[in-house]
Amino acid sequence: MSQTATPAAAVPSPPSRRGGRRRWNPTVGNVPAFLMVLPLLALVVGLVLYPLVKLTIDSLTQDAGLGNYADVFASDATRKAMVTTLLASVVVTVITVTVGATLAWYLVTARSTLVKAVLWLAVLAPFWMGTVVKNYAIILLIANDGVLNDVLSALGLGRAQLLYTTGAVIMGIVYSMVPYAVFSLYGVFVGIDQSLLAAARSMGATRARALRTVLLPLAMPGIVASAALVFAISIGFYVTPVLLGGGQAPFMASVISSNIFGYYDYGFASAASVLLLLVAVVVLAAALLAVGRERLMRAVA
Amino acid sequence: MTADIALDIQRVSRRFGETVALDEVTLQVARGEFLTLLGPSGSGKTTLLRLIVGFDVPTGGSILLGGRDISRLTPADRSAGMVFQNYALFPHMTVADNVAYGLKLRKWPKERRRERVAEMLELVQLGGYQDRYPRQLSGGQQQRVALARALAYDPEIILMDEPLGALDRALRIEMEAVIRSIHRKLRATMIYVTHDQQEALALSDRIAIMRHGRLVDVGTPERLYEDPGSTFVASFFANANLVDAQLLERRGDGRARVRAVGSEFECRTSGPVLGRPKLALRRRSFRLAEPDGPSIPIRGRVAETLLFGDERQIVLDVPDAGRVVALMEARTSAVLGVGDDVQLHVPRDETVVVGEADPDQGA
């Protein structure tokens with residue numbers, strides 16, 4: 001590769017090619033940089049961009065064409081699934097961001113290394129586990145003959161239907177999403193000067209007041225970004241609603257799946273997919289507008 | 001008498017497991033006094049400040065503020081204002097909102113808050129800066145806002161933790177003047193933490209010198225300078241040279257006959273003179289010509305000279321005393337060249353013999 005002349009190169013120095021020491025330059029030229037990201041770029045184009053474009057075109061051309069969208073809105077089952085998906089995802093987002101923010105704050109402020117290590121392990125464990133294992137673990141806990149029901153009946157409270165409910169689906173998705181919230185919020189909290197809270201406390205603010213008036217406003221762009229991320233991923237969940245929700249809480253992803261593999265109604269499936277995608281894009285765009293593009297970029301980067 | 005005491009620190013200790021960060025410190029600060037906690041890093045001065053503001057709780061002893069034991073109260077139940085080294089201004093609030101923070105917590109009505117903020121900003125010479133954000137201000141301006149914020153709600157005591165540490169020299173001197181004038185105007189009780197003895201000298205009514213978690217000495221700058229009491233205070237605070245001295249005869253009147261730097265003479269002693277006695281020679285005490293009064297001759301070879309502007313630093317190798325550093329007037333001391341054997345003179349009343357404060361801990 002041709003390299004731009006550095007001031008060091010302008011100094012007459014013995015231009016020995018072999019064994020000659022050249023000042024190491026940490027900046028990468030445009031051409032090598034492009035070559036380095038090319039494989040990833042190819043993957044993104046092939047596996048993300050192309051399918052999205054194809055999906056959108058298909059939803060407008062296959063089967064009923066624009067009528068695919070009319071069909072989606074006309075279907076009671078699909079409408080119900082859409083409402084379930086959105087409502088459950090809102091609940092998931094609220095719980096996940098609350099739990100994630102609490103964990104992230106403890107990870108930033110805890111003094112004990114042991115506490116930090118245990119917390120990180122707890123946060124990372126669901127991240128490392130496969131989807132099926134994660135959901136199976138939850139089934140073991142909440143099934144009719146599961147641990148939780150054994151405890152309930154031992155206490156004389158009788159058994160409750162926990163599995164195959166919307167609550168079970170929400171719990172399962174929260175469990176999977178908490179690491180995402182912790183990762184994004186940890187970065188936000190680390191960047192906030194702890195002495196600001198000390199200053200608030202020194203002036204007489206209670207701990208809660210200091211968190212509310214100082215930490216919360218400063219972390220808000222990061223929290224909104226984190227919530228948008230969690231919501232956008234949650235609405236696409238497939239395995240968890242199937243395993244933990246059964247027929248009780250059908251998510252959009254399972255409706256789309258059954259239309260492709262069950263009814264071979266590809267037009268309907270692609271229209272439903274595009275609608276779901278649109279929701280995610282709108283939510284992310286709204287979050288972007290709400291906190292201001294610049295502040296969001298700072299929070300994410 | 002007790003009515004005049006704002007802060008009463010009684011045998012306060014802070015242990016972290018085996019480590020003793022603060023060892024039975026007893027100290028009283030009068031109302032309206034400016035007291036500086038001076039010590040090298042790790043001497044426990046910041047630990048003491050954190051205990052006073054309430055970020056930490058002592059493992060022993062008690063702290064009384066205005067006669068009330070506050071040592072185990074939360075910061076919200078005390079009445080202290082704190083200024084931090086990194087300013088700690090709220091970046092999402094305007095200057096006015098920063099200064100009004102403590103007032104809001106105390107539920108001052110909006111109109112009174114606005115007036116008080118204006119008054120405080122005027123005090124720190126930042127009138128009209130209400131609507132700026134901290135990031136739009138220079139370091140010195142930010143620290144003045146922090147000062148106004150801590151003063152606004154009229155706390156019983158103002159604590160400052162190396163507030164000028166992040167500023168450059170010229171700004172530090174300017175800010176020292178600001179702090180001095182504010183203290184003169186408000187007569188607020190202030191405790192100031194620093195490791196810089198020049199800062200301590202410029203600001204303080206009294207200075208408390210700390211070391212290894214203990215209070216070594218408390219006194220006015222003049223007293224500590226003239227009568228340091230121990231080798232640590234003489235070298236750390238007065239920046240004096242310490243040379244070995246031999247006590248030949250102690251007198252009852254605080255004077256003694258000593259042998260040091262190759263001569264025998266009579267001079268003042270300071271403190272109990274425990275451990276190995278040293279003669280303290282302050283850097284600016286050295287003279288080229290023999291002064292009128294009694295003086296001590298210092299013979300040695302010039303090892304190094306360094307021009308500081310108005311002054312010149314002369315490093316002298318003195319037999320039996322080691323290296324001695326002198327600060328002399330630049331023009332007259334130009335005659336001293338490296339390698340010259342010279343004789344300088346130190347007025348006897350500017351020297352003092354001191355002992356070690358904690359002979360068991362070394363000097």
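Computed from a prediction, not measured in an experiment: that's the story for all the values here.

Participant: Even after reading the chapter, I still don't get the pattern of salt bridges, so can you show me in this structure?
Facilitator: Side chains that differ in charge, positive against negative, can pair when their charged atoms come close. Residues and elements named next belong to chain B. Across all of its chains, the model carries 24 salt bridges over all chains by this definition. Between R255 and E266 there is a salt bridge, with the nearest N and O atoms lying 3.1 Å from each other. Of this pair, R255 sits in strand β12 (residues 255–260) while E266 sits in strand β13 (residues 263–270), and the two are eleven residues apart along the sequence. A salt bridge links R287 to E350; its shortest N-O distance comes to 3.1 Å. With R287 in the loop between β14 (278–281) and β15 (295–307) and E350 in the loop between β18 (341–347) and β19 (352–354), this residue pair connects regions lying 63 residues apart in the sequence. Overall, R287 belongs to the partly exposed group, its relative accessible area being 29%.

Participant: It is not clear to me how the interface of chain A and chain B should be interpreted in this structure. Could you clarify?
Facilitator: Accessible area lost when the parts come together is the quantity often used to give the size of an interface. Contacts between the two partners involve 18 residues from chain A and, on the opposite side, 22 residues from chain B. Roughly 1600 Å² of surface becomes buried between chain A and chain B when both sides are summed, with 66% attributable to carbon and sulfur atoms. Taken together, the connections running from chain A to chain B amount to zero salt bridges. At the surface where chain A touches chain B, the tally comes to five residue pairs in polar contact (both at pLDDT 80 or more). Secondary-structure elements contributing two or more residues to the side of chain A that touches chain B are α9 (194–202) and α10 (207–234) of chain A. Broken down by element, the residue count for the side of chain A that touches chain B peaks at seven residues, all from α9(A).

Participant: Is there a simple way to explain the sheet that holds strand β8 (residues 190–194) of chain B in this structure?
Facilitator: The strands making up a sheet associate through backbone hydrogen bonding, with each pair oriented either parallel or antiparallel. Residues and elements named next belong to chain B. Spatially, the six strands line up as an open sheet ordered β6-β7-β8-β3-β9-β10, and their pairing is mixed. One side of each edge strand has no neighbouring strand; the edge strands of this open sheet are β6 (80–83) and β10 (214–219). The average angle at which neighbouring strand axes cross in this sheet is 20°, direction not considered.

Calculation criteria
Just so you know, the residues in each chain are numbered from 1, in the order the chain's sequence is written. In the order they appear in the text, chains get letters beginning with A and ligands get numbers beginning with 1. At least 70 in pLDDT is required for a residue's local features to be given in this predicted model, at least 80 for side-chain atom pairs to be given and counted, and no such filter applies to totals for whole chains, interfaces and linings, which use all residues. Heavy atoms throughout the structure, all of them, feed into the side-chain values; hydrogens and water do not. One side-chain nitrogen of Lys or Arg within 4 Å of one carboxyl oxygen of Asp or Glu is enough to make a salt bridge. Starting at the N terminus, helices and strands are each numbered in turn, a helix being any DSSP run of H or I of at least four residues and a strand any DSSP run of E of at least two. For every residue, the accessible area (1.4 Å probe, protein chains only) is compared with the maximum for its type, and the residue is labelled buried under 20%, exposed over 50%, or partly exposed between those bounds. In what follows, residue pairs with any heavy atoms lying within 4.5 Å of each other are defined as contacts. Accessible surface is computed with a 1.4 Å probe, and the buried area is the amount of it that two parts give up when combined, taken over both parts together. For the purposes of these results, a polar contact is taken to be a pair of N or O atoms within 3.5 Å, where, inside protein, one atom must be able to donate a hydrogen and its partner to accept one; residues adjacent in sequence count only when each atom of the pair is a side-chain atom. Two strands are counted as paired when DSSP detects at least two bridges linking them. Only the stretch in contact is used when fitting a helix axis, every axis being a line fitted to C-alpha atoms; angles between N-to-C directions are given from 0 to 180 degrees.

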